[in-house]
Amino acid sequence: MAIEIVAFGKISEVTGTGLQAEGPDTTEALQQWLHNRYPALQQMRYCIAVNQQIVNSHIPLPDGAQVALLPPFSGG
Amino acid sequence: MAIEIVAFGKISEVTGTGLQAEGPDTTEALQQWLHNRYPALQQMRYCIAVNQQIVNSHIPLPDGAQVALLPPFSGG
Amino acid sequence: MKKNIFVQGPIDAAFIARSIEQHSSKTGIGAHNIFLGQVRADQVGDTTVSAIEYTTYEEMAYSRMHAIREQLFEKHNLTCLHVYHSLGKVAAGEICLFVFASAPHRQAATDACGEMVEEIKNTLPVWGREIFCNGESQWKVNQPA
Amino acid sequence: MKKNIFVQGPIDAAFIARSIEQHSSKTGIGAHNIFLGQVRADQVGDTTVSAIEYTTYEEMAYSRMHAIREQLFEKHNLTCLHVYHSLGKVAAGEICLFVFASAPHRQAATDACGEMVEEIKNTLPVWGREIFCNGESQWKVNQPA
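Residues numbered from 1 in each chain as written. Chains lettered and ligands numbered in written order. Predicted model: local features only at pLDDT ≥ 70, side-chain atom pairs only at ≥ 80, totals over all residues. Heavy atoms only, no water.

Named according to an unreviewed UniProt entry, chain C is Molybdopterin synthase catalytic subunit originating from Filimonas zeae. Recorded under Sequence similarities (unreviewed entry), the UniProt text for chain C is reproduced unchanged: "Belongs to the MoaE family." Its UniProt record gives chain C the following Pathway (unreviewed entry) comment, quoted word for word: "Cofactor biosynthesis; molybdopterin biosynthesis." (UniProt positions renumbered as here; feature names shortened; annotations may be inferred.)

Per an unreviewed UniProt entry, the recorded name for chain A is Molybdopterin synthase sulfur carrier subunit, and the organism is Filimonas zeae.

Here you go:
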């Protein structure tokens, strides 16, 4: 069960741009894992995309999933 | 009492682009004068501007006024 | 004081590019909204529009445009608002109207540009004559938006 | 299938002019609406924005843009809808976003362009970092329209 994590914008300053997680098999478990490792994340606004789709509730993570941590967008 | 009359678009095909009227001293009298002279105008949609201002009710014509006959606009 | 807004013939893309470039020194601008009217090769009966020929009542057009600009600058927080309209012949596929609104924020630029286009269509003394491929022609009638 | 929408650095006026010219052969088009985002030299505290540096989550941006385009083509009678967004550094006064909607009639072009800009601001995974004249920087936060 390997999860690839990519982070952008302000979040990437806390986590770096790319990391791997071996244990978590749901977005909830992954978020717990992230918040333990990077407590600063708990105070930050971000949403999660699994394989490029934003998830609004917690879902199981397919093996090899790419999870993205996305702070509020500011393009345009 | 000389009035300069300019006409545009479809109206100018009936009246020509420029003419003079000596008698009429109100927009109402002028319109009567025009409709006698060019009966086809009675069936046509147009509005009147006096010195570049569209008039929505009849007004006296100042001497030397420029009266414009304006069919519906179709710019842009 | 009353600006000329008319261009003889079509408005070309290089002219539009120069207008955009000239705004790069105005660093308070965050948004430009541009409207371009392009002559459509409409099918009418068994022929097609090949060009539109525009005429105007020039003195009235200038004073009308002056009034519209004053009204839109009063209503919206705008930096610039430019209008160029063709006179004479503009072929199908060519540009006959260029409205360019610039503002610190997008809402003002977008609203002012849209309102300007409506004012031009409804209140600017300009008339288009559609010239058809078969050599005939007729006065254009604007459709509501 | 999923079109690249990104341009390295600023979008220049000549590029915009070429895009406009390429539409002259589409003689069913009657209206173009163009939105341009320009980097504003905002005052923040006692310094000023000198540039914005853009990054994206590229794979997600392409699939998101694909979905927005499908939705807008379904909703409006459009001929074309193009989007170009800068990545990397764009200086104050330069163009970072170019949205170009074309349609037979103006309402569709104007609405689609405005809706596309809102979707980009709200749902496209792009982040801007404001770079200040004093050398410092901060992540940009989009204001509502």
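(A) Summary view of the environment of Trp 127 of chain D. In this fold, Trp 127 of chain D is placed in strand β7 (residues 126-132). Looking at Trp 127 of chain D, the relative accessible area reads 1%, which means it is buried. Remark: the alpha-carbon pair of Trp 127 of chain D and Ile 52 of chain D, spanning 75 residues in sequence, is separated by 9.5 Å. A distance of 2.9 Å separates the side chain of Trp 127 of chain D from the backbone oxygen of Pro 71 of chain A, its partner in a polar contact. Looking at Trp 127 of chain D, its side chain comes within polar contact range of the main-chain oxygen of Pro 72 of chain A, at 3.3 Å. (Helix = DSSP H or I, 4+ residues; strand = E, 2+ residues; numbered from the N terminus. Buried < 20%, exposed > 50% of the residue type's maximum accessible area, 1.4 Å probe, protein only. Polar contact = N/O pair within 3.5 Å; in protein donor to acceptor, adjacent residues only side chain to side chain.)

(B) View of the arrangement of the chains. Contact analysis covers 3 pairs of chains in contact, and the most contacts occur between chains C and D. At the C-alpha level, the nearest point of chain A lies 29 Å from chain B, with no contact between them. (Contact = heavy atoms within 4.5 Å.)

(C) Representation of the nonpolar core in the model. Residues Val 99 and Met 116 of chain C together with Val 99 and Met 116 of chain D are the most contacted members of the largest nonpolar core, which totals 66 residues. The residues contacting Val 99 of chain D, other than those within four sequence positions of it, are Asn 33, Ile 34, Phe 35, His 82, Val 83, Cys 113, Met 116, Val 117 and Ile 120 of chain D. Formed by 22 residues, the second largest nonpolar core is a distinct cluster that contains Tyr 84 and Phe 98 of chain C together with Ile 11 and Ala 13 of chain D. (Core = buried A, V, L, I, M, F, W, Y, C linked by side-chain atoms within 4.5 Å.)

(D) The relation of the copies chain C and chain D, seen in detail. Mapping chain C onto chain D calls for a rotation angle of 180° and an axial translation of 0.0 Å; the resulting RMSD is 0.0 Å. Expressed as an axis order, the relation between the two copies is that of a two-fold axis. Looking at the rotation axis and the C-alpha trace of chain C, the residue lying nearest is Ile 34 of chain C, at 2.4 Å. Of the interface residues in chain C, 100% have counterparts in chain D that sit at the interface too, so the contact is made through matching surfaces. (Least-squares fit on C-alpha atoms with pLDDT ≥ 70 in both.)

(E) Molecular detail of the environment of Gln 143 of chain C. Turning to its location among the elements, Gln 143 of chain C is positioned in the segment after β8 (137-139). Residue classification places Gln 143 of chain C among the exposed positions, given a relative accessible area of 55%.

(F) Fine view of the interface of chain B and chain C. With 17 residues of chain B at the contact, the number on the chain C side is 23 residues. Around 1,600 Å² of area is buried between chain B and chain C when both sides are counted, 58% of it from carbon and sulfur atoms. For chain B, the biggest contributors to the area lost against chain C are Phe 73, Ser 74 and Gly 76 of chain B; these three give 43% of the whole. As a salt-bridge pair, Arg 129 of chain C and Glu 13 of chain B come within 2.9 Å of each other at their nearest N and O atoms. In this assembly, chain B and chain C are joined by 13 residue pairs in polar contact (both at pLDDT 80 or more). Listed by contribution, the elements that provide at least two residues to the side of chain B that touches chain C are α1 (9-15) and β5 (66-70) of chain B. A per-class count over the side of chain B that touches chain C returns 9 nonpolar, 6 polar and 2 charged. (Buried area = accessible area lost by both parts, 1.4 Å probe. Salt bridge = Lys/Arg side-chain N within 4 Å of Asp/Glu carboxyl O. Nonpolar A, V, L, I, M, F, W, Y, C, P; charged D, E, K, R; others polar.)

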